[in-house]
Amino acid sequence: MTGTPSLFDLAFPDRPDLSLERRYALDFDGLLCGVDEAGRGPWAGPVVTAAVILDYERVPDGLDDSKKLSEAKREALYLDIVSSAWICVASASPATIDRLNIRAATLSAMVRAVNGLPKRPSYALIDGRDIPPGLSQPGQALIKGDGRCLCVAAASVVAKVTRDRMMVRLEDRFPGYGFAQHKGYGVPRHQEALEALGPTVHHRMSFKPVRLAAEVSSD
């Protein structure tokens, strides 16, 4: 696939519509795939992408954009999604992000997530403005798709929970940075830790605050 939209783009309302999305899925033999990411903005940690093919007869109650949900609700939905849907997760490391840039690293990870699904989807819905280069099936970019489309919302939950768990584990290996709390985002506590301790191997050196902190720590 190129970055051009499909000639038969699907229309979605501003809020998820289960009956509409179920009809769309039937048109693709149930193999409608949602794709989303978590972690484009943080200074540290990977960007994580997820691809999800929902079973539209077993859609978890309360499924929505992960940013609108509490941590407890996301965790509960995550368990429901992985027990009822086909999913695959792929990530790009900070080193890959620095080498490619965050946009290219994210889109590459999205393709790997879609390709890793147990069933090959017939159509992919990608949150945002970009269709990942190299996607092997038709698809469309869907702005604010995680709040408009259930399979994209499911992908957003899976990506977010997966990444948050990864950042919590980093806290044990790199104490003092607060990764378990801020998940690598650029909050004041993270800035203070960078200034005091310098960057780790899990920081994105191509991001300006990290690069400046590295320059200071090397003086």
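Please refer to the structure higher up on the page.
> Looking at this model, I keep getting lost on unusual backbone geometry. Mind explaining?
Its identity as a non-glycine residue notwithstanding, N101 has a phi of 100°, on the positive side. Its location among the elements puts N101 in the loop between α3 (94-100) and α4 (102-115). One non-glycine residue, K183, lies in the positive phi region at around 60°. Mapping K183 onto the fold places it in the loop between α6 (179-182) and α7 (188-197).

> It is not clear to me how the pairing of strand β1 (residues 32-38) should be interpreted in this structure. Could you clarify?
Counting buried residues along β1, six of its seven residues qualify, which places the element largely inside the surrounding structure. The pairing of β1 with strand β2 (residues 47-53) spans six bridges and is antiparallel. In the strand pairing of β2, G34 is matched with V52.

> Any chance you could explain the sheet that holds β2 here in plain terms?
Where strands meet in a sheet, backbone hydrogen bonds hold them as pairs that are either parallel or antiparallel. Reading across the sheet, the five strands line up as β3-β2-β1-β4-β5 and stay open at both edges, with mixed pairing between neighbours. Across the chains shown, the open sheet's two edge strands, defined by having one partner strand only, are β3 (86-92) and β5 (139-142). Between one strand and the next, the sheet's axes are offset by a mean angle of 20°, whatever the strand orientation.

> Explain α4 here, please?
Its 14 residues give α4 an end-to-end C-alpha distance of 20 Å, which sits within 8% of 20 Å, the value for a rise of 1.5 Å per residue. For α4, the full list of buried residues reads I102, A105, T106, L107, A109, M110, V111, A113 and V114. Of the residues flanking the start of α4, the one acting as N-cap is N101, its side-chain oxygen 3.1 Å from the backbone nitrogen of R103.

> Teacher, can you tell me more about the packing of aromatic side chains here?
The description of an aromatic ring pair rests on the distance of the ring centres and on the angle between the ring planes. Scanning the entire structure with this criterion turns up three aromatic pairs. Arranged with centres 5.3 Å apart and planes meeting at 65°, the rings of F12 and Y24 form a pair that is edge-to-face. Of this pair, F12 sits in the segment before α1 (18-27) while Y24 sits in helix α1, placing them twelve residues apart in sequence. Residue F12 is classed as buried on the basis of its relative accessible area, which comes to 10%. Residue class for Y24 comes out buried when judged on its relative accessible area of 13%. On the numbers, 4.8 Å between centres and 20° between planes, the contact of F28 with Y123 is stacked. On the criterion of sequence distance, the pair formed by F28 in the loop between α1 and β1 and Y123 in strand β4 (residues 123-127) is long-range, its members being 95 residues apart. The pair F28 / Y123 is uniform in exposure class, with both members buried.

Scoring rules and cut-offs
Residues numbered from 1 in each chain as written. Predicted model: local features only at pLDDT ≥ 70, side-chain atom pairs only at ≥ 80, totals over all residues. Heavy atoms only, no water. Helix = DSSP H or I, 4+ residues; strand = E, 2+ residues; numbered from the N terminus. Buried < 20%, exposed > 50% of the residue type's maximum accessible area, 1.4 Å probe, protein only. Pairing = 2+ DSSP bridges. Axes fitted to C-alpha atoms, helices over the stretch in contact; angles between N-to-C directions. Expected span 1.5 Å × (residues − 1). Polar contact = N/O pair within 3.5 Å; in protein donor to acceptor, adjacent residues only side chain to side chain. Phe/Tyr/Trp six-rings, centres within 6.5 Å; stacked < 30°, edge-to-face > 60°.

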